[in-house]
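These are the residues of each chain, in order.
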2 protein chains.
Amino acid sequence: MRNSSAPRLTDIAKRAGVSIAAVSIALNKSESNRVSAERRQKILRIAEEMGYVPNELARALAERRTRLLGLVVPLRDPIFFNQFIAQALSGIQSTLMKRGYNLLVFSPSGKPGRATRDQILESRFMDGLVFINTRSCTAGDVKRTIEELDRAQIKFAMINSYYGRAPINYVGVDDAAIGSAAVDYLTERGHKRIAFLSGSATLPAHQQLVKGMRRSLEKRGLELKPELIGCTGYEVERAFQILDDWFRTKRDRPTAILTADDQLLLNLYDYAEQRGLKMPGDIAVLNRGNSTPEHHLRPRPTTLVTPTLRMGELAAELLIDSIEKPGTPPQRVLLPFELVQGATT
Amino acid sequence: MRNSSAPRLTDIAKRAGVSIAAVSIALNKSESNRVSAERRQKILRIAEEMGYVPNELARALAERRTRLLGLVVPLRDPIFFNQFIAQALSGIQSTLMKRGYNLLVFSPSGKPGRATRDQILESRFMDGLVFINTRSCTAGDVKRTIEELDRAQIKFAMINSYYGRAPINYVGVDDAAIGSAAVDYLTERGHKRIAFLSGSATLPAHQQLVKGMRRSLEKRGLELKPELIGCTGYEVERAFQILDDWFRTKRDRPTAILTADDQLLLNLYDYAEQRGLKMPGDIAVLNRGNSTPEHHLRPRPTTLVTPTLRMGELAAELLIDSIEKPGTPPQRVLLPFELVQGATT
DNA sequence: GTGAAAGCGCTAACAG
DNA sequence: CTGTTAGCGCTTTCAC
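Rules used throughout
- Residues numbered from 1 in each chain as written.
- Chains lettered and ligands numbered in written order.
- Predicted model: local features only at pLDDT ≥ 70, side-chain atom pairs only at ≥ 80, totals over all residues.
- Heavy atoms only, no water.
- Buried < 20%, exposed > 50% of the residue type's maximum accessible area, 1.4 Å probe, protein only.
- Helix = DSSP H or I, 4+ residues; strand = E, 2+ residues; numbered from the N terminus.
- Pairing = 2+ DSSP bridges.
- Contact = heavy atoms within 4.5 Å.
- Near = heavy atom within 4 Å.
- Polar contact = N/O pair within 3.5 Å; in protein donor to acceptor, adjacent residues only side chain to side chain.
- Nonpolar A, V, L, I, M, F, W, Y, C, P; charged D, E, K, R; others polar.
- UniProt positions renumbered as here; feature names shortened; annotations may be inferred.
- Least-squares fit on C-alpha atoms with pLDDT ≥ 70 in both.
- Axes fitted to C-alpha atoms, helices over the stretch in contact; angles between N-to-C directions.
- Core = buried A, V, L, I, M, F, W, Y, C linked by side-chain atoms within 4.5 Å.
- Buried area = accessible area lost by both parts, 1.4 Å probe.
- Salt bridge = Lys/Arg side-chain N within 4 Å of Asp/Glu carboxyl O.
- Expected span 1.5 Å × (residues − 1).

**Overview of the pairing of strand β6 (residues 194-198) of chain A**
All names here are of chain A. With 5 of its 5 residues buried, β6 lies for the most part within the structure. Side chains Ile 194, Phe 196 and Ser 198 project from β6 onto one buried face, and the interleaved Ala 195 and Leu 197 project onto a second face that is buried too. The pairing of β6 with strand β8 (residues 256-259) spans 4 bridges and is parallel. Across the sheet, residue Ile 194 finds its bridge partner in β8, namely Ala 256. Of the strand pairs in this sheet, β6 and strand β7 (residues 229-231) are connected by 3 bridges, and their pairing is parallel. Considered in β7, the bridge of Leu 197 is made with Gly 230.

Dropping the structure here:
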């Protein structure tokens with residue numbers, strides 16, 4: 001904290017010969033007539049002279065509002081390394097800046113016996129929370145989280161991977177539509193044996209993608225073969241095993257792969273490099289993910305881009321609306337995705 | 001904020017039939033004998049039953065301590081996209097977690113008329129600041145920042161690019177040593193015409209790198225030719241111009257390049273790809289930077305790796321020490337770097 | 001228009 | 001050991 005001898009409202013009040021209330025009003029409510037113009041001038045001048053800066057902590061306690069939003073990202077890995085999160089965060093920050101809020105990134109499991117994560121959530125430091133679901137969030141996890149937050153009456157907005165029915169502030173993409181679009185795109189290019197490389201079958205996004213793929217495949221009399229759905233558990237060895245299974249057998253070898261996220265795409269690139277597999281010669285690759293991390297991948301991957309930055313912006317927007325206008329009903333927004341043509345298809 | 005009907009110390013005190021002070025002590029000072037064991041038990045039980053969670057805001061106001069640290073990153077671009085910052089942040093978070101602090105990422109220039117950045121810095125929301133200097137910080141900027149912070153008596157720790165003499169908490173690398181090591185490495189491999197691709201000559205890191213390079217070159221009777229120092233201003237076009245200048249003229253063409261950071265390295269890769277330049281065949285490349293973003297660059301760049309994560313950890317450590325133990329003298333730490341052999345040299 | 005006073009919820013010094 | 005009291009600095013009734 002700053003030097004504790006900082007000037008307070010009291011100090012200004014004394015110097016100006018007015019009440020502390022007058023100072024508070026003069027400084028904060030520029031509209032109000034409760035203080036006369038001349039008085040206000042004098043107060044403002046003195047505050048300026050003394051270098052007054054309000055103590056936001058005291059203000060927050062009195063107003064019951066901190067203008068601080070918390071960020072929750074259930075992920076083991078350092079969250080800042082993750083490009084998806086980095087983009088969402090940038091979007092969030094951009095909105096917060098516009099609307100005068102700040103972001104509190106808390107450190108889960110702080111000192112033993114104090115400030116555990118859940119305590120922090122409820123500790124009144126934040127006006128609300130932004131939740132970014134990650135690949136470690138199953139549908140059940142998400143559901144439980146929502147129930148807890150509702151019970152604690154904490155305002156929040158969620159990003160990514162919620163397909164439940166609870167009325168919450170949510171921003172995501174329609175993964176079923178993405179799966180469907182992926183199949184449309186690939187079948188139009190003559191692919192019939194399409195594989196799906198995913199992290200885990202328990203993830204909501206996985207389920208939606210599969211659903212969408214099936215929908216589109218069936219429309220064409222094709223099917224998504226169970227053996228062409230591979231779940232790596234986000235382990236490289238497992239990814240390589242799966243890919244070996246697919247490519248070592250000549251029969252029924254897939255001609256195209258949809259990767260469920262950037263990390264799986266990178267695994268695939270590593271595999272292709274190591275095994276001498278050419279893209280798109282030996283295998284066509286389509287990715288669902290962000291575009292940033294791929295700038296320097298060669299060949300450039302064809303990607304169904306999720307608008308992650310925008311998701312962050314919007315989620316923050318919804319959250320702040322629901323904080324500032326208490327009546328506002330929760331909104332669920334599904335953002336459109338975009339196909340960015342690369343050299344892997 | 002959370003539901004405002006949350007139980008307070010008063011509520012527990014009433015229910016337990018004790019004073020509010022007793023409750024506070026029972027809950028917070030497990031060591032103290034000021035409250036008897038049985039009473040403590042009773043109080044703890046009741047607090048548990050009522051689902052008591054302390055209001056950190058009120059606590060902070062009374063204790064004059066928030067356990068919140070602020071992050072300042074002077075950079076126009078979205079800071080979370082930057083791998084250097086992502087790594088430093090991860091390090092910072094890791095320390096904060098261990099020591100029970102949280103991180104406040106504020107949004108510069110909030111609502112007009114209120115909460116400008118500087119005000120937030122002094123608004124008592126934070127116990128201290130972590131400053132990450134970036135490529136937009138000249139020596140003068142940094143110096144001014146330090147003066148301001150000192151004047152406002154704000155505790156802080158700085159990361160990166162400070163070579164001044166002020167006694168502050170600082171963690172960085174010795175860029176002169178890096179420049180020197182780069183030259184040693186390249187000359188040992190027979191290179192004599194070594195170029196330096198940098199962002200701007202006004203950056204402290206630039207100056208140190210040049211100093212180190214010169215030192216090592218002169219020891220060998222070589223020199224760093226002024227025309228082989230290129231400053232891109234972090235603009236791609238300018239980078240290409242400079243590289244064209246170097247490579248279009250056959251005479252005095254450099255045989256090796258040291259890039260001052262990851263972004264310049266990427267510019268160089270783009271250039272090499274576009275002009276059909278082979279690394280290391282046509283040009284040897286050595287980079288100063290992080291290793292993460294390069295995982296999927298081909299060929300893999302040889303890199304003098306700065307331990308950015310560790311820098312974040314340590315800076316946070318120093319800052320918290322200086323907050324918690326007021327007498328602690330500021331420390332300046334220069335971390336060692338490491339050479340990671342790639343395929344570009 | 002203006003000021004006094006009552007909180008916001010907690011900590012800590014002080015008196016028993 | 002225990003309770004009372006005085007803040008922390010600000011906002012906001014509520015009388016005048």
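**Considering helix α2 (residues 20-28) of chain A**
For α2(A), the set of buried residues is A:Ala22, A:Val23, A:Ile25 and A:Ala26. Packing partners of the buried residues in α2(A) comprise α1 (9-16) and α3 (37-50) of chain A.

**Side note on the protein's contact with DNA strand C**
As a matter of local geometry, DNA strand C sits amid 27 residues, with A:Arg34, A:Ser36, B:Leu9, B:Ser24 and B:Tyr52 nearest to it. Counting only the atoms of DNA strand C within 4 Å of the protein, the fraction contributed by sugar and phosphate is 73%. Within the contact set of DNA strand C, a phosphate oxygen lies 2.7 Å away from a backbone nitrogen or oxygen of A:Ser36. B:Ser24 is positioned such that a nitrogen or oxygen atom in its side chain is 2.7 Å from a phosphate oxygen of DNA strand C. Counting only elements with at least two residues in the surface near DNA strand C, the list comes to α2 and α4 (56-63) of chain A together with α2 (20-28) and α4 (56-63) of chain B. The residue inventory of the surface near DNA strand C, partitioned by class, reads 12 nonpolar, 6 polar and 9 charged.

**What about the UniProt feature "domain: HTH lacI-type" (unreviewed entry) in chain A?**
Under the UniProt annotation, the feature "domain: HTH lacI-type" (unreviewed entry) is placed at residues 7-63 of chain A. The straight-line gap between the two end C-alpha atoms of residues 7-63 of chain A is 20 Å; of that span, 68% is helix and 0% is strand.

**Re the relation of the copies chain B and chain A**
Overlay of chain B on chain A (RMSD 0.1 Å): rotation 180 degrees, translation along the axis 0.1 Å. Expressed as an axis order, the relation between the two copies is that of a two-fold axis. Among all residues of chain B, the one whose C-alpha sits closest to the rotation axis is B:Leu104, at a distance of 2.3 Å.

**Here we look at the sheet that holds strand β3 (residues 128-132) of chain A**
Spatially, the 12 strands line up as an open sheet ordered β11(A)-β5(A)-β4(A)-β3(A)-β1(A)-β2(A)-β2(B)-β1(B)-β3(B)-β4(B)-β5(B)-β11(B), and their pairing is mixed. Edge strands, defined here as strands with exactly one partner in the open sheet, are β11 (332-335) of chain A together with β11 (332-335) of chain B. Mean inter-strand twist for the sheet, computed between neighbouring axes without regard to direction, equals 20 degrees. Bridging between strand β3 (residues 128-132) of chain B and strand β4 (residues 156-159) of chain B involves 4 bridges; their strand directions are parallel. The partner of B:Phe131 across the bridge, within β4(B), is B:Met158.

**Some points on the nonpolar core**
Among the nonpolar cores identified, the biggest contains 145 residues, and A:Leu71 and B:Leu71 are the most heavily contacted of them. If sequence neighbours within four positions are ignored, B:Leu71 has contacts with B:Ile79, B:Leu89, B:Ile92, B:Leu103, B:Leu104, B:Val105, B:Phe106, B:Val130 and B:Ile132. By size, the runner-up hydrophobic cluster in this structure holds 44 residues, among which are A:Ala60, A:Ala152, B:Leu104 and B:Cys137.

**Focus: the protein's contact with DNA strand D**
Close to DNA strand D lie 27 residues; A:Leu9, A:Ser24, A:Tyr52, B:Arg34 and B:Ser36 are nearest. By atom count, sugar and phosphate contribute 68% of the portion of DNA strand D lying within 4 Å of the protein. One of the backbone N or O atoms of A:Ala58 is found 3.4 Å from a base nitrogen in DNA strand D. Within the residue set of the surface near DNA strand D, elements represented by two or more residues are α2 and α4 of chain A together with α2 and α4 of chain B.

**Section: the interface of chain B and chain A**
Taken together, the contacts link 64 residues of chain B with 63 residues of chain A. Both faces considered, chain B and chain A share a buried interface measuring about 6100 Å² in area, 57% of it formed by carbon and sulfur atoms. Contact with chain A buries area across many residues of chain B, yet B:Met1, B:Phe80 and B:Arg124 alone supply 15% of it, more than any other trio. Two residues, B:Arg298 and A:Glu273, come together in a salt bridge whose shortest N-O distance is 2.5 Å.

**Some thoughts on the pattern of salt bridges**
All names here are of chain A. Overall, the coordinates contain 34 salt bridges over all chains when judged by the stated rule. With a closest N to O distance of 3.2 Å, Arg 45 and Glu 49 form a salt bridge. One end of the pair, Arg 45, and the other, Glu 49, are both in helix α3, 4 residues apart, so they sit about a helical turn from each other. Judged by its relative accessible area of 48%, Arg 45 falls in the partly exposed class. Residues joined in a network through salt bridges with shared partners are Arg 67, Arg 99, Glu 317, Asp 321, Glu 324 and Lys 325.

**Some words on the environment of A:Ile43**
Residue and element names in this part refer to chain A. Within the secondary structure, Ile 43 is located in helix α3. Remark: the alpha-carbon pair of Ile 43 and Leu 334, spanning 291 residues in sequence, is separated by 50 Å. Every residue in contact with Ile 43, bar those within four places of it in the chain, is listed here: Ile 12, Ala 16, Val 18, Ala 22, Val 23, Ala 26, Leu 27 and Val 35.

**Looking at helix α12 (residues 308-324) of chain A**
End to end, α12(A) covers 24 Å across 17 residues, agreeing with the expected 24 Å (1.5 Å per residue, within 8%). In terms of burial, α12(A) is largely enclosed, as 13 of its 17 residues are buried.

**Some details on unusual backbone geometry**
A cis amide bond, omega -5 degrees, links A:Arg298 with the succeeding residue A:Pro299. You can see A:Pro299 is positioned in the loop between β9 (284-289) and β10 (302-305). Note the cis peptide between B:Met279 and B:Pro280, where omega equals 5 degrees. Note on placement: B:Pro280 falls in the loop between α11 (262-275) and β9 (284-289). Notably, A:Arg64 is not glycine yet its phi reads approximately 55 degrees, a positive angle. Looking at where A:Arg64 falls in the secondary structure, it is placed in the loop between α4 and β1 (68-72).

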